[in-house]
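# Secondary and tertiary structure notes
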Amino acid sequence: MTDLERVRTPSRVTNAPLYDWDELVQEDRVHRLLYTDPAVFDAEMTHIFGGTWVYLAHESQIPNPNDFITAKLGLRPLIITRDNDGVIRALYNRCTHRGTTLCRWDKGNSRSFQCPYHGWNFLNTGKLRGVPWPDGYASSLVRDPKFNLAQVPRVSSYRGFIFGTLNMDAAPLPEHLGPIRKPMDEWIDRNPGGRITVCEANRFKYKGNWKLAYDNSGDGYHVLYSHHSLLETENRFKDEETSKGMSYYKTQPDELPMYIQYMGNGHHFKDKRPNLQARPGGLWAIESLHPGMEHVAERLRAKYGERAEAMLDLAGSEPVNINVFPNLSLLGNHIQVFQPVAYDETDAVWYGTRIEDVDGSLGDDVVADINALRMRTQEGFPNFGEVDDIANFEQIQRGLQCTEDEWIYMHRGYGIPGRTVTLDDGTLKAPATDELFMREYIREWKHLMKTQPNIAIRREP
Amino acid sequence: MNVQNHDPARFSYYVTDAWYGELVADYTDWQTEDRAIHDVAERDLFRRLLEQEARLLDRLLFEDWLKLFAPECGYWVPSTPDAGDPRREIAVMFDDRRRLEDRVYRLRTGYAWSQAPSSRTSRIVANVEVFRCKTDDQRMVRSNFLISEFWDGDTRTLAGWAGHRFRKLDGGWKISAKQVNLINCDQCIRNPSIIL
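Note that the coordinates shown come from a computational prediction; the quantities given were computed from them, not determined experimentally.

Bringing the overall build of chain B into the picture now. A tally of regular secondary structure across chain B gives four helices and eight strands. At 17 Å, chain B has a C-alpha radius of gyration in line with the 16 Å of a compact globule built from 196 residues. C-alpha atoms of chain B, sized along the principal axes, occupy 45 × 45 × 35 Å. The 196 residues of chain B split such that 34% are buried. For chain B, the share of sequence-separated contacts (at least 6 apart) that also reach a separation of at least 24 residues comes to 60%.

See the structure below:
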């Protein structure tokens, strides 16, 4: 590929390695510096967010030709475009002239982007279309590819989920995702026609390191404590037939059929579905109480009889946590994206999803009712659960200012013979409250931090 | 179904497609000069209700605050500046009567870590304007708000405008819907855990 530019960033003259990563990341604990050192964060933006596949956007956010949204790859501002021919690109949102961001809108539809500073104009393919008063340049800028926008050289979708990487050595996306594809497939395919549309979001900011969110994503140990207020609230009516929400954690959660599974490459999966009654409506039975639910349930049951139960499950929060390293988490019906801002600041965006009546099997009235309900169920956890987690993340960041107390432990389940099982496909399985996923993903993190990624950008030829 | 089973504090039967439709219609194109009510006494009546509401929230008297609302009510913090249709979009917050009481219940459990200790707030309500509706038992009221919130060692500002839909019930005005429009509603917000 002649349009690739290999990038070898100049290093500071000392050129010493930042840390001995084996000292900082041990079998059962990690050093506080992983969360508190701005230099580690800076290295992560190259080695993690430049070194592996990163989730960028969902195709349903740019469904039409010339649609775009803005996003980030680590700290790099991007414009994710779908050109007139349907090709999806991740353009650097940076004018090739002086570096101004070209697009300041979150989303829209445009065939081109004009720099507000000096008026350079770029097509949504990244190609420079024109500059003001071109005669003032000794040679033609539009004929020189180096003035076309930089773009992420490898952009690839898996069933609507768009990923990108700068690392030319990274394995192809399907191989990189590996076994985590199975729960992703199941999560997608539980929706009619295997299709979801991304809608608006619950958007959080917290003053803490981005890994605090990823450490939480598969954590079955915190539920009863961090979410104490949620569990009490959703079970405040004692005449309900079933315990609501994650009440199943209350007694001996290690002995329940739910589990955590490490899928390789930093990805992991917590599956709570085996705790449910295996029948249509089993998910709906434990859904906590949300606006409109009795009305919709009564209406659908009166009209559709037993078929209504499976319909209602579509509005229920799928009890899975599918975590794709480093920045994507599918949980309930949400697509959660972790966006690092600084070593001690992170944005966590919980995009909602709605269903589409792809094959007409449900009918418009059912889809409208289910989506109205699904919006409300999706607001539940961010409002009454996530706020408390995030308060705890911020307090971890504060606690880690105790410089001399250096270690963060993640050894729940570690060293107990037979506790972790290696399955035939090489994935690891353990009880849902074990910190297996932390030990394994941070091992992948360490591998990436030790490895020099083969970073490149691309420009249109 | 007996009548008791439809208590909106316990069961959510009133949140129907028609209810949503009416809500969206009431919050569409309502702030127009031809609907503005200029009567000073009426404007003062609603201004006083909004100031009372701000006082109850600042004093953390949430149970008294709930009494300002009609039994069947909505509390809506949209996630986009144009609010959209809550049947198809996630909101920052969207509560019916029961979930509004959930919200208060959670804060009272003592385990709501995002409010432990509670934020201290100082709310300023201003620019109150009252607008006429199709029927005389309903009013739409626009106001601007500025909430200074002290939490976790810092004071921050939450700003925006609210649209209250008041209905006359048993001779008094009750809030049948409250829409809170944060100016940064579509951005990442730190600890959005107080009642707005």
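We now examine the overall build of chain A. On a plain count of helices and strands, chain A comes out with twelve helices and 23 strands. Taking 461 residues into account, the globule formula puts the C-alpha radius of gyration at 23 Å, and chain A, at 24 Å, falls close to it. Along the first, second and third principal axes, the C-alpha set of chain A runs to 80 × 60 × 40 Å. For chain A, buried positions account for 49% of its 461 residues. The long-range share in chain A, meaning contacts at least 24 apart out of those at least 6 apart in sequence, stands at 66%.

All names here are of chain A. Taking strand neighbours across the sheet as the criterion, the three strands line up as 8-9-10 in an open arrangement whose pairing is antiparallel. Only two strands of the sheet have a single partner each, and these edge strands are strand 8 (112-114) and strand 10 (128-130). Going from strand to strand, the sheet's axes swing by 30 degrees on average, the running direction of each strand aside. Here three bridges tie strand 8 to strand 9 (residues 121-123), and the two strands are oriented antiparallel to one another. The residue of strand 9 that forms the bridge with Gln114 is Asn121.

This brings us to the interface of chain B and chain A. On the chain A side, the residues contacting the 38 residues of chain B number 41 residues. Broken down by secondary-structure element, the contributors of at least two residues to the side of chain B that touches chain A are helix 1 (17-26), strand 3 (93-95), helix 4 (97-108) and strand 8 (189-190) of chain B. Examining the composition of the side of chain B that touches chain A, we find that five residues originate from one element, helix 4 of chain B, more than from any other. Looking at the side of chain B that touches chain A residue by residue, the classes come out as 17 nonpolar, nine polar and twelve charged.

Attention shifts here to the environment of Arg203(A). Looking at the element boundaries, Arg203(A) is found in strand 13 (residues 196-206). Between the alpha carbons of Arg203(A) and Val337(A) there is a distance of 9.7 Å; along the sequence they are 134 residues apart.

To continue, consider the pairing of strand 19 (residues 345-355) of chain A. All names here are of chain A. The element strand 19 is largely enclosed, with a buried count of nine among its eleven residues. Two elements, strand 13 and strand 19, share nine bridges in a ladder whose sense is antiparallel. Bridging from a neighbouring strand, Thr197 pairs with Arg354 of strand 19. Where strand 18 (residues 334-342) meets strand 19, seven bridges bridge the pair, whose relative direction is antiparallel. Considered in strand 19, the bridge of Gln336 is made with Trp350.

This part takes up unusual backbone geometry. Residues apart from glycine generally show negative phi values, whereas peptide bonds are mostly found in trans. A cis amide bond, omega 5 degrees, links Phe325(A) with the succeeding residue Pro326(A). Relative to the elements of secondary structure, Pro326(A) occurs in the loop between strand 16 (320-324) and strand 17 (328-331). Note that the residue after Ala116(B), namely Pro117(B), is joined by a cis bond; omega there is 0 degrees. Along the chain, Pro117(B) falls in the loop between helix 4 and strand 4 (120-132). Positive phi outside glycine occurs at Ala83(B), with the angle close to 70 degrees. Even without glycine at this site, Asp152(B) takes up a positive phi of about 55 degrees. As for its position among the elements, Asp152(B) is in the loop between strand 5 (138-151) and strand 6 (154-169).

All names here are of chain A. The domains assigned to chain A are domain 1 (53-166) and domain 2 (178-448). If you average the C-alpha positions of domain 1 and of domain 2, the two centres end up 33 Å apart. Of the residues lining the interface, eight residues belong to domain 1; the matching set on domain 2 comes to 13 residues.

Let's shift gears to the packing of helix 9 (residues 293-304) of chain A against helix 11 (residues 364-399) of chain A. All names here are of chain A. Running from amino to carboxyl end, helix 9 crosses helix 11 at an angle of 155 degrees, the nearest separation of the two axes being 10 Å. Regarding the angle of helix 9 to helix 11, the classification is roughly antiparallel. Helix 11 is crossed by helix 9, and the crossing has left-handed handedness. The residues of helix 11 that touch helix 9, namely those facing Met293, Val296, Arg299 and Leu300, are Val366, Asp369 and Leu373.

Residue and element names in this part refer to chain B. For Gly172, the position within the fold is in strand 7 (residues 172-182). Note on Gly172: 10 C-beta atoms within 10 Å, which makes it exposed. Expressed as a C-alpha distance, the spacing of Gly172 and Leu68, which sit 104 residues apart in the sequence, is 9.9 Å.

Next up on the list: helix 9 of chain A. Residues and elements named next belong to chain A. Spanning twelve residues, helix 9 covers 16 Å between terminal C-alpha atoms, matching the ideal 16 Å at 1.5 Å per step. The elements touched by buried residues of helix 9 are helix 10 (307-313) and helix 11. Count one or two residues on from helix 9 and you reach Gly305, which has phi positive near 60 degrees.

Attention now moves to the sheet that holds strand 5 (residues 76-82) of chain A. Strands in a sheet are paired, the pairing made by backbone hydrogen bonds, and the direction either parallel or antiparallel. Residue and element names in this part refer to chain A. Ordered by their spatial adjacency, four strands build an open sheet running 6-5-4-7, and the pairing between neighbours is antiparallel. Two strands lie at the open edges of the sheet, namely strand 6 (88-92) and strand 7 (107-109), each paired on one side alone. Neighbour-to-neighbour, the strand axes of this sheet turn through a mean angle of 30 degrees, independent of strand direction. When strand 5 meets strand 6, the two strands line up antiparallel, connected through five bridges. Each bridged residue has a counterpart across the sheet, and for Arg82 the counterpart in strand 6 is Ile88.

So, how was this worked out
- Residues numbered from 1 in each chain as written.
- Chains lettered and ligands numbered in written order.
- Predicted model: local features only at pLDDT ≥ 70, side-chain atom pairs only at ≥ 80, totals over all residues.
- Helix = DSSP H or I, 4+ residues; strand = E, 2+ residues; numbered from the N terminus.
- Rg over C-alpha atoms; globule rule 2.2 N^0.38 Å.
- Buried ≥ 20, exposed ≤ 12 C-beta atoms within 10 Å, placed from the backbone.
- Contact = placed C-beta atoms within 7 Å.
- Pairing = 2+ DSSP bridges.
- Axes fitted to C-alpha atoms, helices over the stretch in contact; angles between N-to-C directions.
- Nonpolar A, V, L, I, M, F, W, Y, C, P; charged D, E, K, R; others polar.
- Domains from an automatic or database assignment.
- Parallel < 35°, antiparallel > 145°, perpendicular 65-115°, else oblique.
- Left-handed = near helix turned anticlockwise from the far one by under 90°.
- Expected span 1.5 Å × (residues − 1).

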